[in-house]
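# An overview of the molecular structure
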Amino acid sequence: MSTLLTLALILVAVAAGGWVLRFAGQKASGNAPTFRDMPFAVAFGYVFGASLLIFSIWYFFQPTQTDAGVPNAGVVFFRWAVQFFIVSAIAAFLFRALGRTVGTKGSRKLFRQMPLTASFGVLVVILYAFTAVFAAWLAPHGQEEIFTKVNVLPGGNAATGGDPLHPLGTDQIGRDLLSRLIYGAQNTVGIAFVTTCLAFFLGGSLGFLAATLQGWLDQILSRAVDVLMAIPSLIFALLLMTIASAWAGSERWLLTVYMIIIIAVIDSTRVFRLARAVGLNIVVMDYIEAAKLRGEGLGYLIFKEILPNATAPLLAEFGLRFCFVFLTIASLSFLGVGIQPPLADWGTMVRDSAQFINFAAFSPLTAALPLLAAGAIALLTVGVNFVVDWMLHRSSGLKE
Amino acid sequence: MSALVEIRDLWIEGRSDETWSPIINGASLTLNKGEVLGLIGESGAGKSTLGLAAMGFTRDGVRISKGSVMFDGIDLITASAAKKRDLLGKRIAYVAQSAAASFNPAHKLIDQHTEGPVQHGVMSRSESVQDGIELYRRLRLPNPEEIGFRYPHQVSGGQLQRAMTAMAMSCRPDLIIFDEPTTALDVTTQIEVLASIRDIVEQFDTAAIYITHDLAVVAQMADRIKVLLKGDEVEEADTRTMLAQPKEEYTKSLWAVRAFERPQKPAVHTGATPVVSVQNVSAAYGKIQVLHDVSFDIHEGRTVAVVGESGSGKSTTARCITGLLPPTSGLIEFDGQPLPANYKSRNKDQLRQAQMIYQMADTALNPRTTIGNIIGRPVQFYMGLTGKQRRRRVEELLEEIELPAAQYYDRLPSELSGGQKQRIGIARALAAEPKFIICDEVTSALDQLVAEGILKLLARLQDDLKLSYMFITHDLATVKAIADEVVVMKEGKVVEQGPKHDMFVPPHHPYTDLLLSSVPEMDPDWLTNLLNERGVDNIGDAAVDKMS
């Protein structure tokens, strides 16, 4: 009850502050248009934002340990988040500045128009791609290598229970976490990329075909897609994976191939819908009619006339779809039917170390173990989405 | 007499590619109470921007950098948002070009009509409904008691435009801005809207700014005319003075556009095989019959203009000829040989011989393909030319349509102006080396000077290459300029056809007569005379309805 009361009091105080801000602004600036035409909601927003900022700064400088020697976990995690945010922002800014000075004329122009979020996204995507490709060189140890020390804490500081040999510590059976994270990029991201490409090849070509030919082919394909989409995708994937694991038998690698195909088919239904919708908008254009009347074949119509005009929305969808596929794989791995051990995979890593999150209040460093893999997933998702948002904004054809 | 609107040395800028570029350069304007000012100019002249600025409003990405806008002693540039909210709708109203896009499709007309007066506290809702019905009556809308209770999609375009004028009038404003209110309408509908707008503005002694690119229209509506060119004021004068003695070269050239007319060609000698012969063609979309027994011939080197309102079946006839819509009965012959009904069963040569130029050059050219490839594709597809030969042929074609090849070969359509895009459309049709070209409203989306250039180009190409044109249009000035023969269509039937010089002299079929008499002329008394002559019930849709 008292919490509710406090919240209400804060709200009233902020509202009053907003009114005061607007009134003072009008008096001080001699009724300038900025303050004169300011709605109350905007003034409220300014004061609310400012209060939030002040609270954050105050909270950031709270001690990390209480007087009794117990770590103040909230402050610790908040500091990590803020520090990470600042470092990311600086990295994105530097990356954009670099892009503006080196490169071809076209790429320099691209970087000049880029917002900071997009440059952060591009940086993340490049880093992940680099890590995935050169995982074998970057990783200090193998992904299956087991050390005698287990549950080493991250930080590499012996005083807090770390080991300089394992900068991010080890998991509970003694495998180096940094190496597994790096290999995880290769496995999870690589498989997600292949799956998304397959989904786009399937969904895109069938969608354009349906849009161009229409008639009964369109009806059959669309209804088939409706049926597939009616089943909740994760449950459907789980069901099919169970069947596939029976087929695969002892051949573990075959299960991964089945997984790629299953997720690609399920996700291609979404791509089909988009490609068909975009295609339908394009086929009514006069230039398509002109090409048809010229006597052009189906291949020319789809690849030379429709596809170039559909790339922007499809590329944006590719980014989003990649995130979904990636999360589906991580979820399947978390549930135990995805990428099979001992291959390193972020979803599996989160599952294996999930119980350590319970230590958050007493030992923030221990809780970092599942957070590292989860953070790797989150970071890529956020980065890709930033890039996608920017591309959608640029293509302006398909906003929101 | 004090001025109602006074704009002094107004500079307006628009934002594009991170920089501000000028749209209006120091325009001044005075409008007295009850006066109508016509603003004319080509697209991009800044006439809409200036019209909106008279309301103290700028579109997104546009700003007023200098100058003042006074409305009845109130400075609209420095006025507070609250003050402007009070003025707009109540004392200043706006009528947009596309009524269909401006009405909310989810609400009835009368509900949208009453919003303004109730919001401004001028009338109660029931008073406003009564007033709306009275305004509908004055604007001569059919069934004024009931029409307000329909949704926007249930009334025709011309009626919607008048309903919007009624909405603008709902608070009895001192000033209305009309932004091309009749541009999207057919001639027969336009005349009705013009007559009712003019009447109601006179009745309530409202001042108005009438924005249009059509000189003949502005001559009927305005007391004074102001000509704009690329944000600069060219000249301003009384309507009669302006029409009789334009001072500036640019104004004179605008006036002269309508004078272009090709000499009549000698009659085709009987017995000659027509290039295209449409014989008793009927067609339907699903179960709805849209063409009834249409027949006409197009001879070599001749232009047949197909005239009619929207929905009269002009474009459907073209779709039948190209084979996109196989006719339900009837035959289309090319050079005496019957053409397969469906384009899919025609051979490459049959497809090549009949080409098409579209109304909207924006949608007719693939935005992701360079000019060189757009024109090069038919060259390669039909003539089998590749590499250097293909490039040379494309360059020849570009020269033919009067665009420098070196400069345009690698450009994308978005880097071209409207008139240039239309020229590319022509070059693409020519690349197939056809005998016959269908021109579907090719000039209706263009400014008058640009359209004239296109018409002259088409006329020259016809003489050089012995081309036959089927020219679909609703603009009779275009018909006068380019046609040899005219086919008048109404509701999917041919009402009248014959050589051009016969069509423009009476006696006519009553529909042709109505169509011809509805085309505004430059004479400022034209509309008044016509109304006196025919009466208000014998113009526009009302007259069309009587006929059928």
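Residues numbered from 1 in each chain as written. Chains lettered and ligands numbered in written order. Predicted model: local features only at pLDDT ≥ 70, side-chain atom pairs only at ≥ 80, totals over all residues. Heavy atoms only, no water.

When helices and strands are counted, chain B shows 24 helices and 20 strands. Here chain B has a C-alpha radius of gyration of 25 Å; the compact-globule value for 548 residues is 24 Å, and the two agree. Seen through its principal axes, chain B has C-alpha atoms that stretch 70 × 55 × 45 Å. Looking at chain B as a whole, 54% of its 548 residues qualify as buried. Residue pairs in contact within chain B that sit at least 24 positions apart in sequence constitute 69% of those at least 6 positions apart. Element-wise, carbon and sulfur atoms account for 49% of the exposed surface of chain B, whose accessible area totals about 23100 Å². Taking the average location of the 59 positive side-chain charges in chain B and that of its 72 negative ones, the two points are 5 Å from each other. (Helix = DSSP H or I, 4+ residues; strand = E, 2+ residues; numbered from the N terminus. Rg over C-alpha atoms; globule rule 2.2 N^0.38 Å. Buried < 20%, exposed > 50% of the residue type's maximum accessible area, 1.4 Å probe, protein only. Contact = heavy atoms within 4.5 Å. Areas by Shrake-Rupley, 256 points an atom, 1.4 Å probe, with all protein chains shown as cover. Lys, Arg positive; Asp, Glu negative; His and termini not counted. Charge placed at Lys NZ, Arg CZ, Asp CG, Glu CD.)

A word on the sheet that holds strand E19 (residues 485-490) of chain B. All names here are of chain B. Sheet architecture is open: six strands sit in the order E16-E17-E18-E13-E19-E20, paired in mixed fashion. With one partner strand each, in any of the chains shown, strand E16 (354-357) and strand E20 (493-499) form the two edges of the open sheet. Recorded for the sheet is a direction-independent mean angle of 15 degrees between the axes of neighbouring strands. Of the strands in this sheet, strand E13 (303-307), E16, strand E17 (436-440) and strand E18 (468-473) touch helix H19 (residues 448-465), which is tilted by about 155 degrees from E18. (Pairing = 2+ DSSP bridges. Axes fitted to C-alpha atoms, helices over the stretch in contact; angles between N-to-C directions.)

Now for the packing of helix H4 (residues 109-119) of chain B against helix H7 (residues 157-169) of chain B. Residue and element names in this part refer to chain B. Remark: H4 packs on H7, axes separated minimally by 9 Å, with the N-to-C direction vectors making an angle of 25 degrees. With respect to their mutual orientation, H4 and H7 come out roughly parallel. Note on packing geometry: the crossing formed by H4 with H7 is right-handed. From H4, Leu109, Gln112 and His113 reach across to H7, where they touch Leu160, Ala163, Ala166 and Met167. (Parallel < 35°, antiparallel > 145°, perpendicular 65-115°, else oblique. Left-handed = near helix turned anticlockwise from the far one by under 90°.)

Turning our attention to the domain arrangement of chain B. Quoted interface sizes are often the accessible area lost when the parts come together. Residue and element names in this part refer to chain B. You can read the domains of chain B as domain 1 (34-57 + 84-255) and domain 2 (276-519). Computed from C-alpha atoms alone, the centre-to-centre distance between domain 1 and domain 2 is 34 Å. On the domain 2 side, the residues contacting the 12 residues of domain 1 number nine residues. Both sides of the domain 1 and domain 2 interface together cover about 1000 Å² of buried area, and 52% of this is carbon and sulfur. Broken down residue by residue, the surface that domain 1 buries against domain 2 is led by Asp186, Val187 and Thr188, which jointly contribute 49%. Taken together, the connections running from domain 1 to domain 2 amount to zero salt bridges. Looking at the side of domain 1 that touches domain 2, the elements with two or more residues in it are helix H8 (187-203) and helix H11 (249-256). (Domains from an automatic or database assignment. Buried area = accessible area lost by both parts, 1.4 Å probe. Salt bridge = Lys/Arg side-chain N within 4 Å of Asp/Glu carboxyl O.)

A low pLDDT means the predicted coordinates there should not be read in detail. A residue-level look at chain A finds 96% of positions with pLDDT of 70 or above and a mean pLDDT of 85. Within chain A, helix H9 (residues 215-230) of chain A carries the highest mean pLDDT (93), whereas helix H2 (residues 33-36) of chain A carries the lowest (79). (pLDDT = per-residue confidence, 0-100.)

Let us look at the interface of chain A and chain B. Every contact between the two is made by 17 residues of chain A and, on the other side, 24 residues of chain B. Contact between chain A and chain B buries roughly 1800 Å² in total, counting both sides, with carbon and sulfur atoms accounting for 54%. The largest contributions to the chain A side of the interface with chain B come from A:Asp286, A:Leu293 and A:Arg294, which together make up 36% of the buried area. Here chain A is connected to chain B by two salt bridges. Across the salt bridge formed by B:Arg319 and A:Glu289, the nearest N and O atoms sit 3.7 Å from each other. Between chain A and chain B we count 12 residue pairs in polar contact (both at pLDDT 80 or more) in total. Of all the secondary-structure elements, those providing two or more residues to the side of chain A that touches chain B are helix H12 (286-294) and helix H13 (298-335) of chain A. (Polar contact = N/O pair within 3.5 Å; in protein donor to acceptor, adjacent residues only side chain to side chain.)

Turning our eyes to something else, we now look at H11(B). Residues and elements named next belong to chain B. Tyr250, Thr251, Leu254 and Trp255 are the residues of H11 that are buried. When H11 is viewed along its axis, its buried side chains cluster within an angular range of 140 degrees and face the same direction. The inward-facing, buried residues of H11 abut strand E3 (36-40), helix H9 (215-221), strand E9 (224-229), strand E10 (232-238), helix H10 (239-244) and H19. (Arc of directions from axis to C-beta.)

Residue and element names in this part refer to chain B. All chains considered together, the criterion is met by 40 salt bridges over all chains. Put simply, Asp111 and Arg125 hold a salt bridge, and the shortest N to O gap is 3.2 Å. In this pair, Asp111 is assigned in helix H4 and Arg125 in helix H5 (residues 125-138), connecting sequence segments 14 residues apart. Of the residues examined, Arg125 reaches a relative accessible area of 42% and is grouped as partly exposed. Among the ionic pairs, Arg423 bridges to Glu402, the shortest N-O distance being 3.1 Å. Of this pair, Arg423 sits in helix H18 (residues 418-431) while Glu402 is found in the loop between helix H16 (387-400) and helix H17 (405-408), placing the two residues 21 residues apart along the sequence. One connected set of salt bridges, linked through shared partners, spans Glu35, Arg224, Lys226, Glu233 and Glu236.

Residues and elements named next belong to chain A. A complete count under the given rule lists 20 aromatic pairs over all chains for this structure. Taking the centre distance of 6.0 Å and the plane angle of 10 degrees together, the rings of Phe44 and Phe48 count as stacked. With a gap of four residues between them, Phe44 and Phe48 both fall in helix H3 (residues 40-60), about one helical turn apart. Here Tyr59 and Phe78 contribute two aromatic rings whose centre-to-centre distance is 5.3 Å and whose plane-to-plane angle is 65 degrees, an arrangement assigned as edge-to-face. Of this pair, Tyr59 sits in helix H3 while Phe78 sits in helix H4 (residues 73-101), and the two are 19 residues apart along the sequence. Using a relative accessible area of 27% as the deciding quantity, one classes Phe78 as partly exposed. Through pairs of rings, three or more aromatic residues link up here, namely Phe55, Trp58, Tyr59 and Phe78. Over the aromatic face of Phe60 sits the side chain of Arg79, whose NZ or CZ is 5.5 Å from the ring centroid. (Phe/Tyr/Trp six-rings, centres within 6.5 Å; stacked < 30°, edge-to-face > 60°. Lys NZ or Arg CZ within 6 Å of the ring centre and 35° of its normal.)

With that settled, the discussion passes to the confidence of the model for chain B. In the predicted model, chain B carries a mean pLDDT of 85, and 98% of its residues have values of at least 70. Ranking the elements of chain B by mean pLDDT puts helix H24 (residues 540-547) of chain B last with 69 and E17(B) first with 92.

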